[in-house]
Amino acid sequence: MALYSLFLKGGPVMWPLLIVSVVAVAVAIERGLFLLRHLETAEPGLAREMLLHVEAGELDEALKKGRRSQDPVVKVLVHGLTNRGRSLSGALLRAAAAELEQYHRGISTLDTIVTLAPLLGLLGTVTGMVRAFGMLGGRELEASAAITGGIAEALLATGFGLMIAILALVPLNILNATFAKTKRRIEQAATELETLWVPYENPLRLSSAPSQN
């Protein structure tokens with residue numbers, strides 16, 4: 001009950017701040033569960049094994065090992081090799097975009113909340129001070145109580161907004177770091193696969209060199 005009373009003292013801006021905080025918590029929990037699944041399915045060494053099989057000309061073995069994995073890098077390589085008939089580069093780009101979209105989800109929302117929450121708190125500061133000075137008209141004897149109530153409203157809204165932004169900043173940075181790391185791994189593996197695939201696209205290149213007697 002005391003917490004609810006404190007919430008009400010923050011003024012009307014506390015309600016949109018409450019909605020923003022609920023959204024931030026929901027996104028953070030959902031993304032946290034996603035990252036846990038990401039850690040469980042990560043197989044960084046498997047992509048290297050697949051590339052070694054491709055280099056040795058063992059495409060079927062590379063696909064056999066990769067199809068059982070949920071690692072995003074491995075899934076991109078598998079999709080590229082499976083759809084290599086049309087365009088290996090195109091298949092890799094499509095698969096990479098699909099995988100990275102999952103890792104980018106929630107980043108824009110948290111980024112907006114980190115920016116929006118302090119601004120809402122600042123708005124609460126303004127409305128609190130306007131309310132405080134608006135209550136002074138013709139009631140000079142109650143000036144102290146009016147100003148105190150307005151300042152309390154302003155400080156509560158500002159503090160709540162800053163708290164939301166600070167708490168949302170932590171999962172935002174974690175998501176950004178995970179996204180950047182996953183993107184870097186996918187790009188490196190895709191580039192290496194395209195390099196290894198050149199002899200397969202140009203099989204005559206290796207045998208066209210003139211023999212020397």
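None of the values given here were measured: they were computed from a predicted structure.

Engineer: How should I be thinking about helix H2 (residues 14–41) in this particular structure?
Structural biologist: For an α-helix the count is 3.6 residues per turn, leaving residues at separations of three or four pointing the same way. Spanning 28 residues, H2 covers 40 Å between terminal C-alpha atoms, matching the ideal 40 Å at 1.5 Å per step. Within H2 the residues assigned to the buried category are Met-14, Leu-17, Val-20, Ser-21, Ala-24, Val-27, Arg-31, Phe-34, Leu-35 and His-38.

Engineer: Would you take a moment to explain the packing of helix H3 (residues 44–55) against helix H4 (residues 59–66) for this structure?
Structural biologist: The relative placement of two packed helices is expressed as an angle between their axes plus a distance between the axes. Packing of H3 against H4 brings their axes to within 7 Å, and their N-to-C directions diverge by 165°. Taken together, the axis directions place H3 and H4 in an arrangement best described as roughly antiparallel. Crossing hand, H3 versus H4: left-handed. Contacts from Leu-46, Glu-49, Met-50, His-53 and Val-54 of H3 reach H4 at Leu-59, Glu-61, Ala-62, Lys-65 and Gly-66. Split into classes, the residues belonging to the contact of H3 with H4 amount to five nonpolar, two polar and three charged.

Engineer: How do you make sense of helix H6 (residues 88–104) when you look at a structure like this?
Structural biologist: An ideal rise of 1.5 Å per residue puts 24 Å on 17 residues; H6 measures up with 24 Å between its terminal C-alpha atoms. Those residues of H6 not exposed but buried are Leu-88, Gly-90, Ala-91, Leu-92, Ala-95, Ala-96, Glu-99, Leu-100 and Tyr-103. Of the residues flanking the end of H6, it is Gly-106, one or two places downstream, whose phi is positive at about 95°.

Engineer: Which parts of the structure should I look at to understand the pattern of salt bridges?
Structural biologist: For side chains bearing opposite charge, pairing can occur when the charged atoms are close. Scanning the model with the defined rule gives six salt bridges in all. Close ionic contact of Arg-185 with Asp-71 constitutes a salt bridge, the shortest N to O distance being 3.2 Å. Here Arg-185 is found in helix H8 (residues 143–201), whereas its partner Asp-71 is found in the loop between H4 and helix H5 (72–82), with 114 residues between them in sequence. Assessed through its relative accessible area of 0%, Asp-71 is described here as buried.

Engineer: I'm lost on the side chain of Arg-31 in this one. Help?
Structural biologist: Within the secondary structure layout, Arg-31 lies in helix H2. Taking relative accessible area as the criterion, Arg-31 reaches 2% and is therefore assigned buried. Within the local environment of Arg-31, its side chain forms a polar contact with the backbone oxygen of Gln-102, the two atoms lying 2.7 Å apart.

Engineer: Explanation requested: the packing of aromatic side chains in the structure shown.
Structural biologist: Pairs of aromatic rings are described using the distance from one ring centre to the other and the angle between the two planes. Within this structure, the stated rule accounts for one aromatic pair. Taken together, a centroid distance of 4.9 Å and an interplanar angle of 75° make the contact between Phe-34 and Tyr-103 edge-to-face. Taken as a pair, Phe-34 in helix H2 and Tyr-103 in helix H6 lie far apart in primary sequence, 69 residues in all. According to the relative accessible area criterion, Phe-34 is buried, its value standing at 9%. The exposure class of Tyr-103 is buried, given its relative accessible area of 6%. Across from the ring centre of Phe-34, 4.3 Å away, lies the NZ or CZ of Arg-31, which sits over that ring.

Scoring rules and cut-offs
- Residues numbered from 1 in each chain as written.
- Predicted model: local features only at pLDDT ≥ 70, side-chain atom pairs only at ≥ 80, totals over all residues.
- Heavy atoms only, no water.
- Helix = DSSP H or I, 4+ residues; strand = E, 2+ residues; numbered from the N terminus.
- Expected span 1.5 Å × (residues − 1).
- Buried < 20%, exposed > 50% of the residue type's maximum accessible area, 1.4 Å probe, protein only.
- Axes fitted to C-alpha atoms, helices over the stretch in contact; angles between N-to-C directions.
- Parallel < 35°, antiparallel > 145°, perpendicular 65-115°, else oblique.
- Left-handed = near helix turned anticlockwise from the far one by under 90°.
- Contact = heavy atoms within 4.5 Å.
- Nonpolar A, V, L, I, M, F, W, Y, C, P; charged D, E, K, R; others polar.
- Salt bridge = Lys/Arg side-chain N within 4 Å of Asp/Glu carboxyl O.
- Polar contact = N/O pair within 3.5 Å; in protein donor to acceptor, adjacent residues only side chain to side chain.
- Phe/Tyr/Trp six-rings, centres within 6.5 Å; stacked < 30°, edge-to-face > 60°.
- Lys NZ or Arg CZ within 6 Å of the ring centre and 35° of its normal.

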